[in-house]
Amino acid sequence: MDMSFYRILHIIGILLLFQSLGAYLFNAMTDRASGDKSALKMVTRLHGLGLLLIVISGFGMLAKLQLFWPLPGWIWIMLIVWVLSGLSVFLVKKNPASARMWWILTIVFGVVTVLMGVLKPF
Ligand code: HEM
């Protein structure tokens, strides 16, 4: 598998993750009665699929870039963002009032990971 394959997979995963986080957080922020459980199920499934694509392609790219242990600092940032974006839906489910904070954090996550992935600063 070549680098472009993993890169494309990484970006598709990112699109799915951010689309689903947007929908999930908006739903929580507007405190909807959640009458349509199947829509929410679709969103949480896409959230999981996005995370899976991101981590598989991420490690694939690390191998292609010949980056092994110890991992560079910018990868640790990506890993932390990955874990937090995964946890966010569970934390928001427990505490819907935190949805606004996660909304802002998600934007920060997007900006930070783009900077890390493109600039690889440390
Ligand atoms: C939610 C979590 C993540 C987001 C939003 C994210 C986002 C990005 C973005 C926007 C890029 C730049 C893409 C490009 O230049 O083509 C990138 C590159 C990269 N990401 Fe991630 N990433 C995440 C998680 C991860 C994880 C978990 C890993 C590995 C364990 C990883 C490994 C990489 C690598 C190795 C690159 C460099 C690719 C290159 O040199 O072209 N990422 N990531």
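Within every chain, residues take consecutive numbers counted from 1 along the sequence as written. Confidence filtering applies because this is a predicted model: local features only for residues at pLDDT of at least 70, side-chain atom pairs given and counted only at 80 or more, and all residues used for totals across whole chains, interfaces and linings. Calculation of side-chain values draws on the structure's entire complement of heavy atoms; hydrogens and water are dropped beforehand.

Engineer: I'd like a description of the overall build of the protein chain, backed by residues and values.
Structural biologist: Runs of E in the DSSP output that reach at least two residues are strands. Runs of H or I that reach at least four are helices, and both are numbered from the N terminus. Looking only at helices and strands, one finds 4 helices and 0 strands in the protein chain. Written out in order from the N terminus, the α and β elements of the protein chain read α-α-α-α. Oriented by its inertia axes, the alpha-carbon framework of the protein chain measures out at about 50 × 25 × 20 Å. The cut-offs for exposure are 20% and 50% of the maximum accessible area for each residue type, with area from a 1.4 Å probe on protein chains only; residues under the lower value are buried, those over the upper are exposed, and the others partly exposed. Residues counted as buried form 35% of the 122 residues belonging to the protein chain. Two residues form a contact once any of their heavy atoms are found within 4.5 Å. Pairs at least 24 apart in sequence give 76% of the contacts found in the protein chain among residues at least 6 apart. Of the roughly 7,800 Å² of accessible surface on the protein chain, 74% is carried by carbon and sulfur atoms. Method for areas: the Shrake-Rupley scheme with a 1.4 Å probe, in which residue coverage is limited to the protein chains shown.

Engineer: Can you break down the environment of Gly22 residue by residue, with the values?
Structural biologist: Looking at where Gly22 falls in the secondary structure, it is placed in helix 1 (residues 3-29). Residue Gly22 is classed as partly exposed on the basis of its relative accessible area of 22%.

Engineer: Hey, could you go over the packing of aromatic side chains for me, with residue numbers and the actual values?
Structural biologist: Note on aromatic contacts: the rings of Phe and Tyr and the six-membered ring of Trp form a pair at centre separations within 6.5 Å, being stacked when their planes are under 30 degrees apart, edge-to-face when over 60 apart, and tilted otherwise. Per the counting criterion, the structure on display carries 3 aromatic pairs. Taken together, a centroid distance of 5.8 Å and an interplanar angle of 85 degrees make the contact between Trp69 and Trp76 edge-to-face. Classification of Trp69 by relative accessible area gives exposed; the value is 68%. Each ring is checked for a lysine NZ or an arginine CZ that lies within 6 Å of its centre and within 35 degrees of its normal; such an atom marks a charge sitting over the ring. When the ring centre of Trp74 is taken as origin, the NZ or CZ atom of Lys120, which lies over that ring, is 5.4 Å away.

Engineer: Summarise the site of the ligand; cite the residues concerned and give the values.
Structural biologist: A molecule or strand has a residue near it when one of that residue's heavy atoms lies within 4 Å. Around the ligand, a shell composed of 22 residues is seen, among which Arg7, His10, Ile14, Met78 and Lys120 lie nearest. Here a polar contact is taken to be a pair of N or O atoms separated by no more than 3.5 Å, where protein atoms must pair a possible hydrogen donor with a possible acceptor and residues adjacent in sequence count only if both atoms sit in side chains. Between the ligand and the protein, one listed contact pairs a nitrogen atom with a side-chain N or O atom of His10 at 2.9 Å. Counting residues per element, the ones that place at least two in the shell around the ligand are helix 1, helix 2 (37-64), helix 3 (73-94) and helix 4 (99-119). In this count, Pro and Cys sit with the nonpolar residues alongside Ala, Val, Leu, Ile, Met, Phe, Trp and Tyr, while Asp, Glu, Lys and Arg are called charged and the others, Gly among them, polar. Taken together, the residues of the shell around the ligand sort by class into 16 nonpolar, 4 polar and 2 charged.

Engineer: I'd like a description of helix 3, backed by residues and values.
Structural biologist: In this analysis, the expected span of each helix is defined as 1.5 Å times one less than the number of residues it contains. The end-to-end C-alpha separation of helix 3 is 31 Å, in line with the 32 Å expected for 22 residues at 1.5 Å each. Ser88 marks where helix 3 bends most, by close to 35 degrees. Listed in full, the buried residues belonging to helix 3 are Trp74, Ile75, Met78, Val81, Ser85, Gly86, Ser88, Val89 and Val92. The inward-facing, buried residues of helix 3 abut helix 1, helix 2 and helix 4. Here the bend at a residue means the angle between the axes of two seven-residue stretches, the one that ends at it and the one that starts at it.

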